[in-house]
Amino acid sequence: MIQLKPGREKSLRRRHPWIFSGAVERVSGQPKAGDTVELRSAAGQVTARAAYSPASQIRARVWTFDPAEEVDAAFFRHRVMRALALRESLPAAKHSNALRLIHAESDGLPGLVVDRYADVLVAQFLAAGVERWRDPILDALAELTGCEAIYERSDAETRKLEGLEPRTGFVRGNRAAARCPIIEYGLNFKVDVERGQKTGFFLDQRENRQRVRALAAGREVLDAFCYTGGFAISALAGGAKRVVAIESSAPSLEVARENLAANAVDAAKVEFVQADAFAHLRALRDRGAQFDLAVLDPPKFAPTAAQAKNAARAYKDINLLAFKLLRPGGLLATFSCSGGVDAALFQSIVAGAALDAGADAKIIERFSAAADHPVALEFPEGEYLKGLLVLRA
Ligand code: SAH
């Protein structure tokens, strides 16, 4: 049982699932990491049942706000079923065989991420609670999805904060080739589930890749931070005249080249450049290169608000360079997946970049993560990806 300090049950009344260490008055019953504990207000009222995580600043994550609800294998099976039902109803399910099936807190399963790549699931157990229930969760996933194999990618940095060791490998079924072919809106991509970034593919950008595809006809396109070529290949499929794609990771570019070859597009129109995007954007500017559509999809510069200041400088640098590389009438699709930089701050950074570049620019659309990455209203932290489509006058 966790007794909260006076007033600290307020966030629970708004159904926020996290209890920070500073809100805890007393822990009784010597729970171990991942054990289910009751949360009690200072007045002694039971408000929720949660997973205990003694190593983490997020000391408990709520399973249920119904104190009478059992947290057992059936509970997890039910939550998995609910998450799968949501995905089945999404339009994207008709256009892709790769979807995020479980999006952690926003699906009532704090710390659990599951992505489906055709008939292979990739699962990440990122908090003590889901780690404790790993086996029943894996059983439910295998049974309810009918997938051939499950690969575990519990190697994200955030596991350290929970006092958990990294763990990777096939945990159900097996697959000789760990590169899974997927189809997204008719385009072929290979997903390296063992060594790729995150779980192997950036599913959150699916609909935004389609938007870029629709905008690309006849344009010269720049794709900075291209990973395995998602935006670059989508732009080509949309009729781009030429694409320059920049990525620092050699293994990612290797997959990008395979992806290019796997699609009916003119490979000669793409130039993949292995380089630091900051340096290469500068080099392109120095030699007077010009584009009609630029995509900036950098990695998470600021995982938390504490890193926001340095991240702001990095975002401003690349956006400023992108504005300088855009012809009049050009479009910039610029993204931030940093939890520590909210939409308002991101917009003001992009505004500062346009100003310094001497570009007259307008937001004409806004981007977010695809619908298989829902944001529970009571958990605004779930909203991390934002983007702007900016027209340079
Ligand atoms: N747009 C991609 C996802 C991009 S993820 C898609 O739709 O699939 C961000 C990418 O930036 C990663 O592949 C990472 O390797 C790359 N990256 C990180 N720092 C970089 C740098 N300084 N220069 C170039 N690429 C970088």
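In what follows, the structure referred to is the one given above.
What you see is a predicted model, and the numbers here were worked out from it, not measured in a lab.

A. How the structure looks around the site of the ligand. Lining the immediate surroundings of the ligand are 16 residues, of which Gln197, Glu247, Asp276, Ala277 and Asp297 lie closest. Between a nitrogen atom of the ligand and a main-chain N or O atom of Ser248, the distance comes to 3.2 Å. Relative to its unbound accessible area of 580 Å², the ligand is 90% covered by the protein chains. The residue inventory of the shell around the ligand, partitioned by class, reads nine nonpolar, three polar and four charged.

B. Highlighting the nonpolar core. Tyr117, Val193, Val243 and Phe272 are the most contacted members of the largest nonpolar core, which totals 44 residues. Broken down by element, the residue count for this core peaks at five residues, all from helix 7 (residues 230–237). Among residues more than four places away in sequence, those in contact with Tyr117 are Asn97, Ala98, Val122, Cys180, Ile182, Val191, Val193, Thr199, Gly200, Phe201 and Leu203.

C. Spotlight on helix 10 (residues 308–325). Its 18 residues place the ends of helix 10 25 Å apart at the C-alpha level, agreeing with the 26 Å of an ideal helix rising 1.5 Å per residue. Among all positions in helix 10, only Ala308, Ala311, Ala312, Ala314, Tyr315, Ile318, Asn319, Leu320, Leu321, Ala322, Phe323 and Leu325 are buried.

D. Inspection of the packing of aromatic side chains at higher detail. Tallying each qualifying case throughout the model produces 15 aromatic pairs. With a centroid separation of 5.1 Å and an interplanar angle of 75 degrees, the aromatic rings of Trp18 and Phe379 are classed as edge-to-face. Taken together, the residues span a long stretch of sequence, with Trp18 in strand 2 (residues 18–20) and Phe379 in the loop between strand 19 (361–368) and strand 20 (386–392) at a distance of 361 residues. Look at Trp18 and you get buried, because its relative accessible area is 15%.

E. Focus on the packing of helix 9 (residues 277–286) against helix 10. Interhelical geometry of helix 9 versus helix 10 gives an angle of 25 degrees and a closest axis separation of 9 Å. Overall, the two elements helix 9 and helix 10 adopt an arrangement that is roughly parallel. The interaxial crossing formed by helix 9 with helix 10 has left-handed handedness. In this structure, helix 9 contributes Phe278, Leu281, Arg282, Leu284 and Arg285 to the contact, and helix 10 contributes Ala314, Asp317, Ile318, Leu321, Lys324 and Leu325. Looking at the contact of helix 9 with helix 10 residue by residue, the class counts come to seven nonpolar, no polar and four charged.

Criteria and thresholds
Residues numbered from 1 in each chain as written. Predicted model: local features only at pLDDT ≥ 70, side-chain atom pairs only at ≥ 80, totals over all residues. Heavy atoms only, no water. Near = heavy atom within 4 Å. Polar contact = N/O pair within 3.5 Å; in protein donor to acceptor, adjacent residues only side chain to side chain. Areas by Shrake-Rupley, 256 points an atom, 1.4 Å probe, with all protein chains shown as cover. Nonpolar A, V, L, I, M, F, W, Y, C, P; charged D, E, K, R; others polar. Core = buried A, V, L, I, M, F, W, Y, C linked by side-chain atoms within 4.5 Å. Buried < 20%, exposed > 50% of the residue type's maximum accessible area, 1.4 Å probe, protein only. Helix = DSSP H or I, 4+ residues; strand = E, 2+ residues; numbered from the N terminus. Contact = heavy atoms within 4.5 Å. Expected span 1.5 Å × (residues − 1). Phe/Tyr/Trp six-rings, centres within 6.5 Å; stacked < 30°, edge-to-face > 60°. Axes fitted to C-alpha atoms, helices over the stretch in contact; angles between N-to-C directions. Parallel < 35°, antiparallel > 145°, perpendicular 65-115°, else oblique. Left-handed = near helix turned anticlockwise from the far one by under 90°.

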